[in-house]
Amino acid sequence: MASQEILREEPNRGSFINDPKIRSLFFQTLVVIIVFGSLWWIVNNVIENLQRLHIASGFQFLRSRAGFDISTTPIEYTSDSTYGRALVVGLLNTIIVAVAGIITATIIGFIVGIGRLSQNWLIRKICTVYVEVFRNIPPLLVIFFWYSGVLAVLPAPRESYHLPFGSYLNQRGFYFPRPVWGDGSWLIGVAFLLALAMAWFVAHRASQRQMTTGQQFPVFWTSVALIVGLPLLAFLLGGMPVTFDFPKQSTFNLTGGFQVKPEFLSLYLALSFYTAAFIAEIVRAGIRGVSRGQTEAAGALGLRSGPILRLVVVPQAMRIVIPPLTSQYLNLTKNSSLAIAIGYPDLTATAGTVLNQTGQAVEGVFIMMIAYLVLSLVTSFVMNIVNARMALVER
């Protein structure tokens, strides 16, 4: 009836628990309370235990005298230095072995990964065996293999292997000539930095030229000529300010030169060869991920297999390779903490010594966590920049 009013009842929403917004807010609040409550309980428990054991908390101990020596010191350090400087030495040792290992593992991994796709049966099988062996062995055993099974059985210093350029190899490490920088040596460093800038400029311009005209430029050999030629020219113009201290054999040891100790060599080789096995599989998968039509199209244009791989396949494969490659770089950096097993003074070993002498366990572990976290974040940041530059740009 027209005179009657139409009564509209609002739908029954039921309990407020059934409201998605309220339920979501409730569970988020509950999670936050549990997380912060757990953190408060841990911190409070640590403080009570430290007070009961009469251990003073804080980082004032970093200014105290360390009182112990470190075998490998990239910067000046003595037993009279502070704990803080000892930790810096350990951090630098970690960075050195990680950077050297990343570079070597990348080179070996790319070679082996490409070798696994070789048409040559022998090369393909050798690369396969390498990957399957190193990928299925714990990294600690690989370190022991190089330390006890390879370097430890080298001859004594008196019977050292004499290598080119005045270098020696024995069970105490690798010795090579040490440069002695004289007055005017700074010109060589400036020339080297200038050469790097010029090499980057040449590569940038060559890339633009190739995109515009299709013509290639010998970037590699031009860069090599700049990086080698300019410092050499500065060396000659500066009156040869750099001399070399060559290692010399004596009755029981070698004197002079620069010594790379077996602990570093073992860790460096182990991390490099171990991580390279995983990188090889990543590279192989990346190359397999490139459409076969790309190779066929390049072959139809008259390119040979080498230029096809270098100019067509690998640049496209890098877009697939870089993200998992970042994870392997992070793993290598964190695996360097295994150095404590063979006595290499990395961050973990040095912080462990500081922890044992001072009793500052919480602070020592916190410093190690922050250091490895920063190294990992920096590595990820750099690789993300590289990945962004390699990504396809949509028009």
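Everything discussed here concerns the structure shown above.
Now for a look at the structure at hand. (Residues numbered from 1 in each chain as written. Predicted model: local features only at pLDDT ≥ 70, side-chain atom pairs only at ≥ 80, totals over all residues. Heavy atoms only, no water.)

Per the secondary structure count, the protein chain includes 11 helices and eight strands. By the compact-globule yardstick of 21 Å for 395 residues, the protein chain is too spread out, its C-alpha radius of gyration being 29 Å. In terms of its C-alpha atoms, the protein chain occupies a principal-axis envelope of roughly 115 × 75 × 45 Å. The 395 residues of the protein chain split such that 33% are buried. Long-range contacts, defined as pairs at least 24 residues apart, comprise 68% of the intrachain contacts of the protein chain with a sequence gap of at least 6. Of the roughly 25,300 Å² of accessible surface on the protein chain, 66% is carried by carbon and sulfur atoms. Taking the 28 positively charged and 18 negatively charged side chains of the protein chain as two groups, their mean positions are separated by 12 Å. (Helix = DSSP H or I, 4+ residues; strand = E, 2+ residues; numbered from the N terminus. Rg over C-alpha atoms; globule rule 2.2 N^0.38 Å. Buried < 20%, exposed > 50% of the residue type's maximum accessible area, 1.4 Å probe, protein only. Contact = heavy atoms within 4.5 Å. Areas by Shrake-Rupley, 256 points an atom, 1.4 Å probe, with all protein chains shown as cover. Lys, Arg positive; Asp, Glu negative; His and termini not counted. Charge placed at Lys NZ, Arg CZ, Asp CG, Glu CD.)

Let's shift gears to the nonpolar core. Membership of the largest hydrophobic core comes to 48 residues, with the highest contact counts inside it found for Val 112, Tyr 130 and Leu 267. When contributions to this core are tallied by element, the ones reaching two or more residues are α2 (83-115), α3 (121-135), α4 (139-151), α7 (262-288) and α9 (305-335). The leading source of residues in this core is α7, at 15 residues. Core analysis: the next-biggest nonpolar cluster, separate from the first, contains 16 residues, Tyr 83, Ala 86, Ala 371 and Tyr 372 among them. (Core = buried A, V, L, I, M, F, W, Y, C linked by side-chain atoms within 4.5 Å.)

The relative placement of two packed helices comes down to the angle between their axes together with the axis-to-axis distance. Axis separation between α2 and α9 bottoms out at 11 Å; the angle between their running directions is 140 degrees. What the angle tells us is that α2 and α9 run oblique. As α2 runs across α9, the sense of the crossing is right-handed. Counting all contacts with α2, which are made through Val 97, Ala 98, Gly 101, Ile 102, Ala 105, Thr 106, Phe 110 and Ile 114, the residues of α9 involved are Leu 309, Met 318, Val 321, Tyr 329, Leu 332 and Thr 333. Partitioning the contact of α2 with α9 into residue classes produces 11 nonpolar, three polar and no charged. (Axes fitted to C-alpha atoms, helices over the stretch in contact; angles between N-to-C directions. Parallel < 35°, antiparallel > 145°, perpendicular 65-115°, else oblique. Left-handed = near helix turned anticlockwise from the far one by under 90°. Nonpolar A, V, L, I, M, F, W, Y, C, P; charged D, E, K, R; others polar.)

Turning next to helix α11 (residues 361-390). Owing to its 3.6 residues per turn, the α-helix brings residues three or four apart onto one side. A rise of 1.5 Å per residue sets the reference length of α11, with its 30 residues, at 44 Å; its end C-alpha atoms lie 43 Å apart and thus fit the reference within 8%. Listing the buried residues of α11 in full gives Glu 363, Gly 364, Ile 367, Met 368, Ala 371, Tyr 372, Leu 375, Ser 376, Thr 379, Ser 380 and Met 383. At its buried positions, α11 is contacted by α2, α9 and α10 (347-358). (Expected span 1.5 Å × (residues − 1).)

Along the polypeptide, Ser 81 turns up in the loop between α1 (20-52) and α2. Residue classification places Ser 81 among the buried residues on the basis of a relative accessible area of 14%. Distance from Ser 81 to Leu 122, taken between C-alpha atoms, is 55 Å for residues 41 residues apart in sequence. Setting aside chain neighbours within four positions, we find Ser 81 in contact with Ser 64, Arg 65 and Ala 66.

Think of a pair of aromatic rings as described by two things: how far the centres are apart, and how the planes are tilted against each other in angle. Counted under the stated rule, the structure contains 16 aromatic pairs. Aromatic pair Phe 61 and Tyr 83: ring centres 6.4 Å apart, planes at 55 degrees, arrangement tilted. Of the two residues, Phe 61 sits in the loop between α1 and α2 while Tyr 83 sits in helix α2, which places them 22 residues apart along the sequence. Seen in terms of ring centroids, Tyr 130 and Phe 273 are 6.3 Å apart; in terms of plane orientation they differ by 65 degrees. Their pairing is edge-to-face. Taken together, the positions of Tyr 130 in helix α3 and Phe 273 in helix α7 put the pair 143 residues apart, joining distant regions of the chain. (Phe/Tyr/Trp six-rings, centres within 6.5 Å; stacked < 30°, edge-to-face > 60°.)

Packing of α2 against α7 brings their axes to within 6 Å, and their N-to-C directions diverge by 40 degrees. As far as their axial angle goes, α7 and α2 are oblique. With respect to the hand of their crossing, α2 and α7 are arranged in right-handed fashion.

Once that is clear, we can look at unusual backbone geometry. If you check the backbone angles, Phe 165 has positive phi at about 60 degrees while not being a glycine. Its location among the elements puts Phe 165 in the loop between β1 (161-163) and β2 (167-170).

Helix length check: helix α5 (residues 186-213) (28 residues) gives 40 Å between terminal C-alpha atoms against 40 Å at 1.5 Å per residue, within 8%. On its buried face, α5 sits against β4 (178-181), α6 (219-237) and β5 (242-245). Immediately downstream of α5, the backbone of Gly 214 shows phi near 85 degrees, a positive value.

Attention now moves to the environment of Ile 70. Here Ile 70 shows up in the loop between α1 and α2. Once the C-alpha coordinates of Ile 70 and Ser 337 are considered, the two residues, 267 residues apart in sequence, prove to be 16 Å apart.

In this section: the sheet that holds β2. With antiparallel pairing, the four strands of this open sheet are ordered in space as β1-β2-β3-β8. The two strands at the open ends of the sheet, each matched to only one other strand, are β1 and β8 (258-260). Across this sheet, the average inter-strand angle for adjacent strands is 20 degrees, counted without regard to direction. Pairing analysis gives three bridges linking β1 to β2, with the strands arranged antiparallel. Bridging from a neighbouring strand, His 162 pairs with Tyr 168 of β2. (Pairing = 2+ DSSP bridges.)

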